[in-house]
Amino acid sequence: WKARAERGRLPHAIETTYSFAQLLYRDAQATLSSHASLLSPSSAELRLAYALALVRGVNGLADVMQQQRAVAASVASLCEQIGLPGWLVDLRHDSAHNDLPSLAMLRLAAKTFLGYLEDRYWVPMAHARQEIRDRSIQLLMKYKATSKESQIPSSEKTIGDTNAPGGQPVTN
């Protein structure tokens, strides 16, 4: 994905979706594993990873909003404007400035944030793509109809003013 993105950067919603989805997957794999592996993340590692993804996710949304303003505003007020649940912003604050929240709370935050991104980014993106697809098909159909109407039947086409031997027009 990053190779296809402009300057190697993906939209914030994609990066955040990837971070949370990857964490939830790794967490589930470690939980389902019948025995603890040296490669399985510890509870502390998972808490740190979830907290980091939450901080980056909330801050990234707030940064986009802040760039559109002339006067600085709090992360909480910016996120409120875009409908991000306030408890996610509070959990982000705790993750950054206080003790790390519990793993259960961070898991819930990851799932909630993914739901928010689905509603606010992925579903609208899918609808926009469908609208573009539908409009493209309409334009293609109009082009085909127009092009068929403007075509001269091949039996009426001649090359130049010359006739072929036998006095017949040359056809394509």
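Just so you know, the residues in each chain are numbered from 1, in the order the chain's sequence is written. Where local features are concerned, this predicted model is filtered to residues with pLDDT of at least 70; where side-chain atom pairs are given and counted, the filter is 80 or more; whole-chain, interface and lining totals use all residues. To obtain the side-chain values, all non-hydrogen atoms of the structure were included, while hydrogens and water were left out.

### Thoughts on the overall build of the chain
Here is step 1: Working definition: helices are DSSP H or I runs of at least four residues, strands are E runs of at least two. Numbering for both runs from the N terminus. Scanning the chain from terminus to terminus reveals 5 helices and 0 strands.
Here is step 2: For the chain, the α and β elements follow one another from N to C terminus as α-α-α-α-α.
Here is step 3: Each residue is assigned to one of three classes by its accessible area relative to the maximum for its type, calculated with a 1.4 Å probe on protein chains only: buried under 20%, partly exposed between the two thresholds, exposed over 50%. Of all 172 residues assigned to the chain, the portion counted as buried reaches 24%.
Here is step 4: Here the Shrake-Rupley method, with its probe set to 1.4 Å, supplies the accessible areas, and only the displayed protein chains count as covering residues. As displayed, the chain offers around 12300 Å² of accessible surface, 56% of which is attributable to carbon and sulfur atoms.

### Considerations on the layout of surface pockets
Here is step 1: As a volume, the largest pocket reaches approximately 540 Å³.
Here is step 2: Forming the walls of the largest pocket are 19 residues, and the residues nearest its centre are His12, Glu15, Thr16, Arg56 and Gly60.
Here is step 3: Looking at the lining of the largest pocket, the elements with two or more residues in it are α1 (12-32) and α2 (43-67). With a 1 Å grid laid over protein atoms only, a set of points is called a cavity when a 1.4 Å probe fits there but cannot get out and a pocket when it is open yet has protein on both sides within 12 Å along at least five of seven lines; lining residues have an atom within 4 Å of a point. Grid points are joined across faces, edges and corners, and a volume is the space filled by probe spheres set on the points.

### Overview of α2
Since there are 3.6 residues in each turn of an α-helix, residues three or four apart along the chain are aligned in direction.
Here is step 1: Expected span of a helix, by definition, is 1.5 Å for each gap between consecutive residues, and there is one gap fewer than residues. The end-to-end C-alpha separation of α2 is 36 Å, in line with the 36 Å expected for 25 residues at 1.5 Å each.
Here is step 2: Turning to α2, its buried residues number three or more, namely Leu46, Tyr50, Ala51, Ala53, Leu54, Val55, Gly57, Val58, Gly60, Leu61, Ala62 and Met65.

### Some words on the confidence of the model for the chain
Here is step 1: On a range of 0 to 100, pLDDT expresses the predictor's confidence in each residue. For the chain, per-residue confidence averages 84 on the pLDDT scale, and residues scoring 70 or more make up 79% of the total.
Here is step 2: The weakest mean pLDDT in the chain belongs to helix α5 (residues 103-150) at 90; the strongest belongs to helix α4 (residues 86-97) at 96.

### Description of α4
Here is step 1: Taking 1.5 Å per residue, 12 residues should reach 16 Å; α4 reaches 16 Å between its end C-alpha atoms and fits that length.
Here is step 2: Contact criterion: two residues are considered in contact whenever any of their non-hydrogen atoms come within 4.5 Å of each other. Packing partners of the buried residues in α4 comprise α2, α3 (75-81) and α5.

### Some remarks on a nonpolar patch on the surface
Here is step 1: Only residues above 30% relative accessible area that lack a salt bridge enter a patch, with like-charged residues linked at up to 9 Å and the nonpolar side chains Val, Leu, Ile, Met, Phe, Trp and Tyr linked at up to 5 Å. The term salt bridge refers to a side-chain nitrogen of Lys or Arg lying within 4 Å of a carboxyl oxygen of Asp or Glu. A surface patch of nonpolar side chains, about 250 Å² in accessible area, is lined by Trp87, Met105 and Leu108.
Here is step 2: Looking at the element boundaries, Leu108 is found in helix α5.

### Quick look at the pattern of salt bridges
Here is step 1: Tallied over the full model, the rule gives 2 salt bridges.
Here is step 2: Asp27 is the salt-bridge partner of Arg107, the closest N and O atoms lying 2.5 Å from each other. Remark: Asp27 occurs in helix α1 and Arg107 occurs in helix α5; sequence separation between them is 80 residues.
Here is step 3: Residue classification places Arg107 among the partly exposed positions, given a relative accessible area of 27%.

### With respect to the side chain of Asp27
Here is step 1: On the basis of relative accessible area, Asp27 is assigned to the buried category, the value being 3%.
Here is step 2: Setting aside anything within four residues of it in sequence, one finds Asp27 in contact with Leu46, Tyr50 and Arg107.

### Considerations on the packing of aromatic side chains
Pairs of aromatic rings are described using the distance from one ring centre to the other and the angle between the two planes.
Here is step 1: When the centres of two rings from Phe, Tyr and Trp lie within 6.5 Å, Trp using its six-membered ring, the rings pair. Their planes under 30 degrees apart give stacked, over 60 give edge-to-face, and anything left gives tilted. Enumeration according to the criterion identifies 3 aromatic pairs in this entry.
Here is step 2: Pairing Phe113 with Tyr116 gives two aromatic rings, centres 6.2 Å apart and planes at 80 degrees, and the pair type is edge-to-face. Linking Phe113 with Tyr116, this pair stays in helix α5, spanning 3 residues, or about one helical turn.
Here is step 3: On the basis of relative accessible area, Phe113 is assigned to the buried category, the value being 0%.
Here is step 4: With a centroid separation of 4.9 Å and 90 degrees between ring planes, the pair formed by Tyr121 and Trp122 is classed as edge-to-face.
Here is step 5: One aromatic cluster is present, formed by Phe20, Phe113 and Tyr116 through successive ring pairs.

### Looking at the nonpolar core
Here is step 1: Take the buried Ala, Val, Leu, Ile, Met, Phe, Trp, Tyr and Cys residues and link them wherever side-chain atoms come within 4.5 Å; each set so joined is a nonpolar core. Core analysis: the biggest nonpolar cluster contains 30 residues, and Tyr50, Leu54, Val58, Leu84 and Phe113 have the highest contact counts within it.
Here is step 2: Every element with two or more residues in this core is listed here: α1, α2, α3, α4 and α5.

### A word on the packing of α1 against α2
Here is step 1: Between the N-to-C directions of two axes lies an angle of 0 to 180 degrees, each axis being a line fitted to C-alpha atoms and, for a helix, fitted only over the stretch in contact. Interaxial distance between α1 and α2 falls to 10 Å at its minimum, and their mutual angle equals 165 degrees. Here α1 is positioned roughly antiparallel relative to α2, judged by the angle of their axes. Judged by the sense of rotation from one axis to the other, the crossing of α1 with α2 is left-handed. Seen from α1, the contacting residues are His12, Thr16, Ser19, Phe20, Leu23, Leu24 and Asp27; seen from α2, they are Leu46, Ala49, Tyr50, Ala53, Leu54, Arg56, Gly57, Gly60 and Leu61. For classification purposes, angles smaller than 35 degrees are called roughly parallel, those larger than 145 roughly antiparallel, those between 65 and 115 roughly perpendicular, and all remaining angles oblique. Should the near helix be turned anticlockwise from the far one by less than a right angle, the crossing is left-handed, and should it be turned clockwise, the crossing is right-handed.

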